[in-house]
Amino acid sequence: MGNKNKTISFRVNEDAFEALQAIAEERDISLSAVFRDYVDRLVEHDGQVEVVPEAELEARTGGAGDDEEISFPPTVEVPKRFIREHERLELEAEHLREQLDEYKGYVNDLQDRLEDEEDEVLLLDELDDEDGSYQLR
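Since this is a predicted model, take the numbers as computed values, not measurements.

Cut-offs and rules
- Residues numbered from 1 in each chain as written.
- Predicted model: local features only at pLDDT ≥ 70, side-chain atom pairs only at ≥ 80, totals over all residues.
- Heavy atoms only, no water.
- Helix = DSSP H or I, 4+ residues; strand = E, 2+ residues; numbered from the N terminus.
- Contact = heavy atoms within 4.5 Å.
- Salt bridge = Lys/Arg side-chain N within 4 Å of Asp/Glu carboxyl O.
- Buried < 20%, exposed > 50% of the residue type's maximum accessible area, 1.4 Å probe, protein only.
- UniProt positions renumbered as here; feature names shortened; annotations may be inferred.
- Axes fitted to C-alpha atoms, helices over the stretch in contact; angles between N-to-C directions.
- Parallel < 35°, antiparallel > 145°, perpendicular 65-115°, else oblique.
- Nonpolar A, V, L, I, M, F, W, Y, C, P; charged D, E, K, R; others polar.
- Patch = residues over 30% accessible without salt bridge, like charges linked within 9 Å, V, L, I, M, F, W, Y side chains within 5 Å.
- Areas by Shrake-Rupley, 256 points an atom, 1.4 Å probe, with all protein chains shown as cover.
- Lys, Arg positive; Asp, Glu negative; His and termini not counted.
- Charge placed at Lys NZ, Arg CZ, Asp CG, Glu CD.
- pLDDT = per-residue confidence, 0-100.
- Expected span 1.5 Å × (residues − 1).
- Polar contact = N/O pair within 3.5 Å; in protein donor to acceptor, adjacent residues only side chain to side chain.

**Description of the overall build of the protein**
Helix and strand counts for the protein stand at five helices and zero strands. Ordered by position from the N terminus, the helices and strands of the protein form the series α-α-α-α-α. For the protein, restricting intrachain contacts to residue pairs at least 6 apart in sequence, the fraction spanning at least 24 positions comes to 30%.

Spelled out as structure tokens, the structure:
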């Protein structure tokens, strides 16, 4: 079975809600995406996430001789092969959904024919076209 998305619901005060909306607008994402990002990071780091103001983050990293500049929010570089594989899987999933819809239509067509011709004997070979494929009405 695949992963199912679950809904989490909780209440925040109006000031916190407005601040979260501002964060979402600043990052040009939905409010839900803000929470999903936070939850993903929380799960990824086994609950060990610390929220640090930017000034404190700069104080922690600045002057330590780090050649690497820390960006905020943190970003992750994804290999091109991963992106191509993801796109390939999306296309394959779309194709499988189309096939499933086609097969469902075929089953519905067969059920309709069966109901229409209830007293007659139906041979499976006669349900398909001459070339072995089927036609949907």
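**Here's the deal with the pattern of salt bridges**
Applying the stated criterion across every chain, the model contains four salt bridges. For D37, the salt bridge goes to R27, with nearest N and O atoms at 3.0 Å. One end of the pair, D37, is in helix α2 (residues 31-44); the other, R27, is in helix α1 (residues 14-27), and 10 residues separate them in sequence. Relative accessible area serves as the criterion here: at 25%, D37 is assigned to the partly exposed category. Note on R27: relative accessible area 30%, which makes it partly exposed.

**As for the UniProt feature "domain: Ribbon-helix-helix protein CopG" (unreviewed entry) in the protein**
In this numbering, the UniProt entry assigns the feature "domain: Ribbon-helix-helix protein CopG" (unreviewed entry) to residues 6-44. For residues 6-44, the end-to-end C-alpha separation is 17 Å, with 72% helix and 0% strand making up the annotated structure.

**Considerations on the packing of α1 against α2**
Contact geometry for α1 and α2: axes closest at 8 Å, N-to-C directions at 90 degrees. On the basis of the axis angle, α1 is roughly perpendicular to α2. Each of F17, L20, Q21, I23, A24 and R27 in α1 lies in contact with α2, whose residues at this interface are L31, V34, F35 and D37. Class assignment for the residues of the contact of α1 with α2 results in seven nonpolar, one polar and two charged.

**Notes on unusual backbone geometry**
If you check the backbone angles, D28 has positive phi at about 55 degrees while not being a glycine. Phi angles above zero are rare outside glycine, and D46 is one such case at about 55 degrees. Considering the arrangement of structural elements, one finds D46 in the loop between α2 and α3 (54-61). When its relative accessible area of 67% is taken as the criterion, D46 is described as exposed.

**Points about a negative patch on the surface**
Taken together, the side chains of D112, E115, D116, E118, D119 and E120 make up a negatively charged region of the molecular surface. Note on placement: E115 falls in helix α4 (residues 80-116). Residue E115 is classed as exposed on the basis of its relative accessible area of 54%.

**Details of a nonpolar patch on the surface**
On the surface, I8, F10, V12 and F17 cluster together to form a nonpolar patch covering roughly 400 Å² of accessible area. Structurally, the position occupied by F10 is in the segment before α1.

**Some points on the environment of V52**
Checked against the element boundaries, V52 lands in the loop between α2 and α3. The exposure class assigned to V52 is buried, which follows from its relative accessible area of 17%. Contacts of V52, omitting those with residues within four sequence positions, involve L57 and R60.

**Observations concerning the confidence of the model for the protein**
A low pLDDT means the predicted coordinates there should not be read in detail. On average, the protein scores 79 in pLDDT, and the residues at 70 or more come to 78%. Looking at the elements of the protein, mean pLDDT is at its lowest for helix α5 (residues 124-127), recorded as 68, and at its highest for α4, recorded as 91.

**Comments concerning α1**
Taking 1.5 Å per residue as the helical rise, α1 with its 14 residues ought to reach 20 Å, and the 20 Å between its terminal C-alpha atoms agrees with that figure. The opening residue of α1 is N13, an N-cap whose side-chain oxygen sits 3.1 Å from the backbone nitrogen of D15.

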